[in-house]
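Inside the fold
The lines below spell out each chain.
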Amino acid sequence: MATQLSVVVSAKLGCTAAAAAAASAPSWNKGSRISGRKLISMRTTAMARRGLVSLRSPRFRVFCAAKPETVGKVMQIVQKQLALGDDVKLAPESKFTELGADSLDTVEIVMALEEEFKITVEEDNAQSITTIQEAADLIDKLVVGDSPPPA
C-alpha cells in the first residue's frame, strides 16, 4: 500500500513511478524527500493541530474603537462590582473570569453597565461579553444605535 501511495504522490510531484517504487518505505514526515522532491506533511495529530493559529487567538484579536471614556467607566464598574483592590491593574483585554468573576458576577456587571449607560443589553449579547473591551464595544454600539440621527 505504501508503494502504491508513493507512486501516486510521486506522479503528482512529477517524479517517475519507477523511482518511487524503488524507494523503500518512504517516511511521511514533514520535510521528507522522494526522488529529490519535498513532501508536505498531512498529519492530523493533536500536535500538528496545536501548531495552527486560531482566529480566536489574542494575537489576532481585533478591537473596535470604543471611546477611551467608555473603557474607563467599564473598568471602574468592573472593579467596583468585583470588589477589586486598587492594586489590581485592569486592561481592556482583562477577562472577567481571570478577575475571579463567576456567571452571577457577570450578570451583575451587565446590569450595572445597563444602569450606568441607560441601555438594554439582550441576553444573547450579555452572554458573549467576556472582557472589558467587549463590554465597552457593545456599549458604544448600543449608545450610537440609540442616539437620534443628526439634524
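Residues numbered from 1 in each chain as written. Predicted model: local features only at pLDDT ≥ 70, side-chain atom pairs only at ≥ 80, totals over all residues. Heavy atoms only, no water.

A short note on the overall build of the chain
Across its full length, the chain holds 7 helices and 2 strands. The secondary structure elements of the chain, listed N-terminal to C-terminal, are α-α-β-β-α-α-α-α-α. In the chain, which comprises 151 residues, the proportion classed as buried is 30%. About 11000 Å² of surface is accessible on the chain, with carbon and sulfur atoms providing 57% of the total. (Helix = DSSP H or I, 4+ residues; strand = E, 2+ residues; numbered from the N terminus. Buried < 20%, exposed > 50% of the residue type's maximum accessible area, 1.4 Å probe, protein only. Areas by Shrake-Rupley, 256 points an atom, 1.4 Å probe, with all protein chains shown as cover.)

Describing unusual backbone geometry
Even without being a glycine, Ala83 presents a positive backbone phi close to 50 degrees. By the secondary structure assignment, Ala83 is in the loop between α4 (68-81) and α5 (103-117). Classification of Ala83 by relative accessible area gives exposed; the value is 67%. Residue Lys118 is not a glycine yet carries a positive backbone phi of 55 degrees.

A word on α4
A rise of 1.5 Å per residue sets the reference length of α4, with its 14 residues, at 20 Å; its end C-alpha atoms lie 20 Å apart and thus fit the reference within 8%. Of the positions making up α4, those classed as buried are Thr70, Val71, Val74, Met75, Ile77 and Val78. For α4, the buried positions fall inside an angular range of 165 degrees around the axis, keeping them on one side. Summarising the geometry of α4, the exposed residues directed more than 90 degrees from the buried face are Pro68, Glu69, Gln76 and Lys80. (Expected span 1.5 Å × (residues − 1). Arc of directions from axis to C-beta.)

Side note on the nonpolar core
Ranked by internal contacts, the top residues of the largest apolar core, which has 27 residues, are Val74, Val78, Phe96, Leu113 and Ile132. Where this core is concerned, the elements lending two or more residues are α4, α5 and α7 (132-146). Excluding anything up to four places from it in sequence, Leu113 contacts Val74, Ile77, Lys118, Ile119, Ala135 and Ile139. (Core = buried A, V, L, I, M, F, W, Y, C linked by side-chain atoms within 4.5 Å. Contact = heavy atoms within 4.5 Å.)

Thoughts on the pattern of salt bridges
Enumeration according to the criterion identifies 1 salt bridge in this entry. When the shortest N-O distance is used, the salt bridge between Lys73 and Glu116 registers 3.8 Å. Linking Lys73 in helix α4 with Glu116 in helix α5, this pair joins segments that are 43 residues apart in sequence. By relative accessible area, which is 37% here, Lys73 ends up partly exposed. (Salt bridge = Lys/Arg side-chain N within 4 Å of Asp/Glu carboxyl O.)

Here we look at a nonpolar patch on the surface
Judged by side-chain polarity, Leu104, Val107 and Met111 come together as a nonpolar surface patch covering roughly 300 Å² of accessible area. Note that Val107 resides in helix α5. Assessed through its relative accessible area of 45%, Val107 is described here as partly exposed. (Patch = residues over 30% accessible without salt bridge, like charges linked within 9 Å, V, L, I, M, F, W, Y side chains within 5 Å.)

Some points on the environment of Ala135
Along the polypeptide, Ala135 turns up in helix α7. If we skip the residues at most four places from it in the chain, Ala135 touches Val74, Phe96, Leu113 and Ile129.

A few points about the packing of α4 against α5
Running from N to C, α4 and α5 cross one another at 135 degrees; their axes reach a closest spacing of 10 Å. For the element pair α4 / α5, the angle class is oblique. Regarding α4 and α5, the two cross each other, and that crossing is right-handed. Residues Thr70, Lys73, Val74, Ile77, Val78 and Gln81 of α4 form the contact with α5, whose participating residues are Glu108, Ile109, Ala112, Leu113, Glu116 and Phe117. Considered class by class, the residues forming the contact of α4 with α5 number 7 nonpolar, 2 polar and 3 charged. (Axes fitted to C-alpha atoms, helices over the stretch in contact; angles between N-to-C directions. Parallel < 35°, antiparallel > 145°, perpendicular 65-115°, else oblique. Left-handed = near helix turned anticlockwise from the far one by under 90°. Nonpolar A, V, L, I, M, F, W, Y, C, P; charged D, E, K, R; others polar.)

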